[in-house]
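# Fold and geometry: a report
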Amino acid sequence: MIKFYNTLTKKKEEFKSIEPQKAGIYTCGPTVYWFAHVGNLRTYIFEDILKRVLSYNGYSVKHIMNITDVGHLTSDSDSGEDKLEKGARQEKKSVWDIANFYTECFLKDLKLLNILDPTVLVKATDTIKEQIELIELLEKKGFTYTISDGVYFDTSKLEKYGKLWGEKEKTELRGRIEEVAEKKNPTDFALWKFSPKNEQRQMEWNSPWGVGFPGWHTECVVMSIENLGIPFDIHCGGIDHVSIHHTNEIAQAEAAYEKIMSNYWMHGEFLNVKEGKMSKSLGNITTISDLKNKGISPLAYRYQCLNTHYRQKMNFSDESIEFSQNTLEKLYERASELKIAPKTPLTKASEEYEKQFLDFINDDLNIPSALALTWDILKDKELSDYEKYSLLIEFDKVFGLRITDIDFNKKDLGEYILKTINEEGLPILTNNIDIVPEEIIAMIKERVNARNDKQWGLADELRERIKQKGWLVEDSENQTIIKQIKKEDA
Ligand code: AMP
Ligand code: ZN
């Protein structure tokens, strides 16, 4: 039995799919006006784990994700600017170029994080006709009204508006939406916005109400229901979508089709930094390229996400990601030792571990406990190396850490270990110092001598000079670790 926490009912519930052994999932995709930050990506990692857990349980998963390339405004009250039009103006590019460029970047990030592709990826701008049809249906049913800047949904007409909200969302809403003079209710939202009179938009379309563009919440209703039917099984997103975006998706779907939209609603918690939430507007973001440039594998970030339950806030710092990278490297090292073990029969203990693993992952994606179990297995003296490796690669179907792709060269580790990451973002740990330039090796040797002579000042100075040449030097107990600071390929 699989249990998920359902935001709709505010409790953990047994997952019952509409069709046996099939799961239809819709996840809100990125707004492609800038690079995704690791906070955004935490949400996609959580959704990837959800898919993998369902597949592990034998479900065939149909996953739909949208690309928001129009209509997401800078203000939650529908009074702000379209994020893409603004981005295009700032970068002096066409909106279409901006959308294509950041979509490509996003897809590359997903690959580096080993996030499985969606079954269907749809762009909002490819479904304008269907969005207009949905708004027409809402109009026919009496849920809309028109004001000077667009067509709006009248939330007071829907008896159960806001059924996803708990106390937290009700409080949060007060800070996120303002009274707008012409709107009938503060929670009313735009279905179709008219192009501003004083400025030429790059993306605009004709509609029965005038030239303009669709509101953000409409696209997800169209793209999910067109591909999955109504109701469908699971709708996911970041926790911030509960109060407005998902609430307004539900409002439109239920008003138009008089059916529940999705049976389960699942939300991933935020990634925070010291000052609070990681967000582009606060200027505190880290991207996947930032990690790579520091020699951190994107999979180390994935590991950090696995280690925190998706409904708990997670903190991100240099220390936290270093810790995850080191732990992941230990896991890879253990895996490469175990990989060469001769085959032995699988025992009852193995079976028992597999059962425990399944219990954890099926308990609302308790991945942190599944990871802890994995470390217990690696320490268990009763299990053979072959059994350990078999369990590890089995569990990695859910973890997605690419255990089988890693090949650590652990043979006769010498004085130097080189840590770096390859183009795919996988860590390399090797004693093959051939790839370190002669000049750097000479400086490292000089520094080792300086340290042996307790000339700490000289050692620090050398460390700095080596760093300027693109290499980091770290001292561990009896080894010098060299890391390449990988510059993003231009
Ligand atoms: P956006 O591209 O702005 O539409 O956001 C994409 C996804 O990232 C949404 O599901 C957001 O809820 C989520 N998100 C934004 N900031 C964070 C954060 N700091 N931590 C976790 N998820 C976030
Ligand atoms: Zn959405």
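Refer to the structure presented above.
Moving on, we come to the site of ligand 1. By nearness alone, 16 residues border ligand 1, and Gly 39, Asp 240, Phe 270, Leu 271 and Met 278 come closest of all. For ligand 1, an oxygen atom lies 3.0 Å from a polar atom in the backbone of Thr 31. In this structure, an oxygen atom belonging to ligand 1 sits 3.4 Å away from a side-chain N or O atom of His 241. The protein chains hide 93% of the 500 Å² of surface that ligand 1 would expose on its own. The element that contributes the greatest number of residues to the shell around ligand 1 is helix 1 (residues 38-56), accounting for four residues. The class makeup of the residues in the shell around ligand 1 is five nonpolar, eight polar and three charged.

The next point concerns the nonpolar core. Ranked by size, the top nonpolar core spans 67 residues in total, and within it Leu 54, Ile 234 and Tyr 301 carry the most contacts. The dominant element in this core, judged by the number of residues it contributes, is helix 1, at nine residues. A domain-level breakdown of this core finds at least three residues from each of domain 1 (3-268) and domain 2 (318-405). Filtering out sequence-adjacent residues up to four positions away, Tyr 301 remains in contact with Val 38, Gly 39, Arg 42, Ile 45, Leu 113, Leu 271, Leu 291, Met 314, Phe 316 and Ile 321. Counting residues in hydrophobic clusters, the runner-up holds 57 residues, among them Leu 73, Tyr 102, Ile 132 and Leu 164.

On to the sheet that holds strand 5 (residues 120-123), then. Pairing in this open sheet of five strands is parallel, and the strands run 5-4-3-10-11 from one edge to the other. If you trace the sheet from one side to the other, it starts and ends with strand 5 and strand 11 (262-268), each paired once. Averaged over all pairs of adjacent strands, the angle between strand axes in this sheet comes to 20°, irrespective of strand direction. Together, strand 3 (22-27), strand 4 (60-67), strand 5 and strand 10 (232-238) form the strand contacts of helix 6 (residues 216-228), whose direction differs from that of strand 4 by roughly 150°.

The next thing to look at is the packing of aromatic side chains. Taken as a whole and judged by the stated rule, the model has 19 aromatic pairs. Aromatic pair Phe 15 and Tyr 59: ring centres 5.6 Å apart, planes at 55°, arrangement tilted. With a gap of 44 residues between them, Phe 15 in the loop between strand 2 (11-14) and strand 3 and Tyr 59 in the loop between helix 1 and strand 4 connect regions that are remote in the sequence. Each member of the pair Phe 15 and Tyr 59 is classed as buried. Measuring from ring centre to ring centre gives 5.2 Å for Trp 34 and Phe 35, while their planes differ by 70°; the resulting arrangement is edge-to-face. Taking the relative accessible area as the measure of exposure, Trp 34 reaches 32% and is therefore partly exposed. Residue classification places Phe 35 among the partly exposed residues on the basis of a relative accessible area of 32%. Following the ring pairs from residue to residue traces out a cluster consisting of Phe 4, Phe 15, Tyr 59 and Tyr 264.

Right, let's talk about the sheet that holds strand 8 (residues 189-194) for a bit. The strand order across the open sheet built from four strands is 6-7-8-9, with neighbouring strands paired in antiparallel fashion. Strand pairing shows two members of the sheet lacking a second neighbour, strand 6 (144-147) and strand 9 (212-214), which therefore form its edges. Pairs of neighbouring strands in the sheet enclose a mean axial angle of 25°, with direction left out of account. Here four bridges tie strand 6 to strand 7 (residues 150-153), and the two strands are oriented antiparallel to one another.

Right, let's get into the state of the cysteines. Enumeration according to the criterion identifies zero disulfides in this entry. Its sulfur unpaired, Cys 236 is 8.8 Å from the next cysteine sulfur, which belongs to Cys 28.

Running from amino to carboxyl end, helix 14 (residues 438-452) crosses helix 15 (residues 456-468) at an angle of 160°, the nearest separation of the two axes being 8 Å. By the angle class used here, helix 14 and helix 15 are roughly antiparallel. In this structure, helix 14 meets helix 15 at a crossing whose hand is left-handed. For the pair helix 14 and helix 15, the contacting residues are Ile 440, Met 443, Ile 444, Glu 446, Arg 447, Ala 450 and Arg 451 in the first and Trp 456, Leu 458, Ala 459, Leu 462, Arg 463, Arg 465 and Ile 466 in the second. Each residue belonging to the contact of helix 14 with helix 15 can be placed in one class, and the counts come to nine nonpolar, no polar and five charged.

We now examine the environment of Gln 325. Relative to the helices and strands, Gln 325 is located in helix 10 (residues 318-339). Take Gln 325: its relative accessible area is 3%, and that puts it in the buried class. Gln 325 sits 29 residues away from Ile 296 along the chain, and the two C-alpha atoms are 6.7 Å apart. Ignoring any residue separated from it by four or fewer positions in sequence, one finds Gln 325 in contact with Gly 295, Ile 296, Ser 297 and Ala 300.

On inspection of all chains with the given rule, the structure shows 29 salt bridges. Across the pair Lys 22 and Glu 19 runs a salt bridge, and its minimum N-O distance is 3.6 Å. Classification of Lys 22 as partly exposed rests on a relative accessible area of 42%. Of the residues examined, Glu 19 reaches a relative accessible area of 45% and is grouped as partly exposed. Linking Arg 89 and Glu 81 is a salt bridge whose minimum nitrogen-to-oxygen distance equals 2.5 Å. Judged by relative accessible area, Glu 81 falls into the partly exposed class, the value being 26%. One salt-bridge network, in which partners are shared between bridges, spans Asp 76, Lys 168, Glu 169, Glu 172 and Arg 176.

The rules behind each value
- Residues numbered from 1 in each chain as written.
- Chains lettered and ligands numbered in written order.
- Predicted model: local features only at pLDDT ≥ 70, side-chain atom pairs only at ≥ 80, totals over all residues.
- Heavy atoms only, no water.
- Near = heavy atom within 4 Å.
- Polar contact = N/O pair within 3.5 Å; in protein donor to acceptor, adjacent residues only side chain to side chain.
- Areas by Shrake-Rupley, 256 points an atom, 1.4 Å probe, with all protein chains shown as cover.
- Helix = DSSP H or I, 4+ residues; strand = E, 2+ residues; numbered from the N terminus.
- Nonpolar A, V, L, I, M, F, W, Y, C, P; charged D, E, K, R; others polar.
- Core = buried A, V, L, I, M, F, W, Y, C linked by side-chain atoms within 4.5 Å.
- Buried < 20%, exposed > 50% of the residue type's maximum accessible area, 1.4 Å probe, protein only.
- Domains from an automatic or database assignment.
- Contact = heavy atoms within 4.5 Å.
- Pairing = 2+ DSSP bridges.
- Axes fitted to C-alpha atoms, helices over the stretch in contact; angles between N-to-C directions.
- Phe/Tyr/Trp six-rings, centres within 6.5 Å; stacked < 30°, edge-to-face > 60°.
- Disulfide = S-S within 2.5 Å.
- Parallel < 35°, antiparallel > 145°, perpendicular 65-115°, else oblique.
- Left-handed = near helix turned anticlockwise from the far one by under 90°.
- Salt bridge = Lys/Arg side-chain N within 4 Å of Asp/Glu carboxyl O.

Function-wise, these values are silent; they only describe arrangement.
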